[in-house]
Amino acid sequence: MPTGPRHVHCYLVRGDEGWTLVDTGLGLGDWPALPERVDRIFVTHMHPDHVGGAERAAAATGAPVHQGRLDYAQCERVWGSDDWPERIGDWFGRNGVPDEILRDLLENGHVYASFIRFAWNPEPVEPGDAIDGWEVVATPGHADGHLCLYRDGVLIAGDHLLQRITPAVGLYPESRPDPLADYLDSLRRTVDLDPRIAYPGHGDPVERPADRARELIEHHRRRLEQTAAALDGEPRSGFDLSQELFGGELTPTQRRFAVAETLSHLERLVAEGAAARDGDDRCILYTAP
């Protein structure tokens, strides 16, 4: 990958009747020869580094693509539309991002768009379905329609769990209203499932997934406390608060994630009654309740 974390994992997993390729990378270049015949392709979620190569992978292997129904609908709305930059630009602007910074956010955030070749009209998948003997598990949060595969104590985790970094959980336009609540519920589901190992989309295998899930729950508890402490009697935008919580010196990519993460925590506080939101078509602001 041209930007951090510099790599993404795609997995070949064996099932009852063949091999499933899980995730397809960003889609740069041609697909390499694989050591086994691919019978099907499964996409964990619609972010560029996981779905961007789906069309190329399907063409190279002849295998059908399976993708969550909700996830694919969002994939179409973002990567299959011409007006996504304007829609997300308007939304960031309502959340306080100044015009000069907004231009950098949009240019940097859409840099992958020309590479993304997702598969149109994939085989729809729902939580609870089976993919060649692997159970499809709903893990929304990092993406609204994020799905994992689980079998015999093994979790193919996408970006639901990462060992060395915290998966980004941000609020975006046209997304579910409380992604952090979704993510915390997904982490608790992982604790209950208690897999013996998780294979993530980035970085090392997670050898104690339930413990890692508990660590991430605690991380977000602390982050919610920090976000609540940053609120006072003065109405503040998500962008303004992101500068206090994440610092002012960030790259455009880091700032985009920082604003979205700040907003997901603010919306969780609003739902808990620990913050108040006010706004209109031009501006959204948050205060202490």
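Remember, it's a predicted structure, so these values are computed and weren't measured experimentally.

**Student:** Is there a simple way to explain the overall build of the chain in this structure?
**Tutor:** The number of helices and strands found in the chain is 9 helices and 12 strands. Taken over the C-alpha trace, the chain has a radius of gyration of 19 Å; the compact-globule value for 289 residues is 19 Å, and the two agree within 12%. Summarising its shape, the C-alpha atoms of the chain cover approximately 60 × 40 × 30 Å along the three principal directions. Nonlocal contacts in the chain, meaning residues at least 24 apart in sequence, comprise 63% of its contacts between residues at least 6 apart. Taken as a whole, the chain presents about 13,300 Å² of accessible surface, with 48% of it coming from carbon and sulfur. Placing the 29 positive and 49 negative side-chain charges of the chain at their respective mean positions leaves the two points 3 Å apart.

**Student:** I'm lost on the environment of D159 in this one. Help?
**Tutor:** Structurally, D159 is set in the loop between β9 (154-158) and α6 (179-193). With 40 residues separating them along the chain, D159 and Y199 place their C-alpha atoms 9.4 Å apart. In this structure D159 touches H45, D49, H50, H142, H146, P167, G201 and H202, once residues within four positions along its chain are discounted. At 3.5 Å, the side chain of D159 forms a polar contact with the side chain of H45.

**Student:** What is the right way to look at the pattern of salt bridges in this model?
**Tutor:** When their charged atoms lie close together, side chains carrying opposite charge are able to pair. Taken as a whole, this structure holds 23 salt bridges when the rule is applied. Here R69 makes a salt bridge to E126, at a shortest N to O gap of 2.7 Å. With R69 in helix α3 (residues 69-79) and E126 in the loop between β5 (123-125) and β6 (130-131), the pair connects residues that are 57 residues apart, well separated along the chain. Judged by relative accessible area, which is 32%, E126 ranks as partly exposed. The salt bridge partner of E244 is R236, with a shortest N-O separation of 2.8 Å. Overlapping salt bridges, with partners in common, bring together R77, D83, R87 and E174 in one network.

**Student:** When you look at the packing of aromatic side chains in this model, what are you seeing that I'm missing?
**Tutor:** Remark: the centre distance and the inter-plane angle together describe each pair of aromatic rings, the angle taken between the planes. All chains considered together, the criterion is met by 5 aromatic pairs. Where F118 meets W120, the ring centres are 4.7 Å apart and the plane angle is 45°; that geometry is what we call tilted. For F118, a relative accessible area of 4% puts it in the buried group. Three or more aromatic residues link up through ring pairs in this structure, and these residues are Y72, F118 and W120. For the cation-ring pair, R223 lies above F246, with the distance from its terminal atom to the ring centre recorded as 4.5 Å. Of note, R256 hangs over the ring of F257, and the distance from its end group to the ring centre comes to 5.3 Å.

Conventions used here
- Residues numbered from 1 in each chain as written.
- Predicted model: local features only at pLDDT ≥ 70, side-chain atom pairs only at ≥ 80, totals over all residues.
- Heavy atoms only, no water.
- Helix = DSSP H or I, 4+ residues; strand = E, 2+ residues; numbered from the N terminus.
- Rg over C-alpha atoms; globule rule 2.2 N^0.38 Å.
- Contact = heavy atoms within 4.5 Å.
- Areas by Shrake-Rupley, 256 points an atom, 1.4 Å probe, with all protein chains shown as cover.
- Lys, Arg positive; Asp, Glu negative; His and termini not counted.
- Charge placed at Lys NZ, Arg CZ, Asp CG, Glu CD.
- Polar contact = N/O pair within 3.5 Å; in protein donor to acceptor, adjacent residues only side chain to side chain.
- Salt bridge = Lys/Arg side-chain N within 4 Å of Asp/Glu carboxyl O.
- Buried < 20%, exposed > 50% of the residue type's maximum accessible area, 1.4 Å probe, protein only.
- Phe/Tyr/Trp six-rings, centres within 6.5 Å; stacked < 30°, edge-to-face > 60°.
- Lys NZ or Arg CZ within 6 Å of the ring centre and 35° of its normal.

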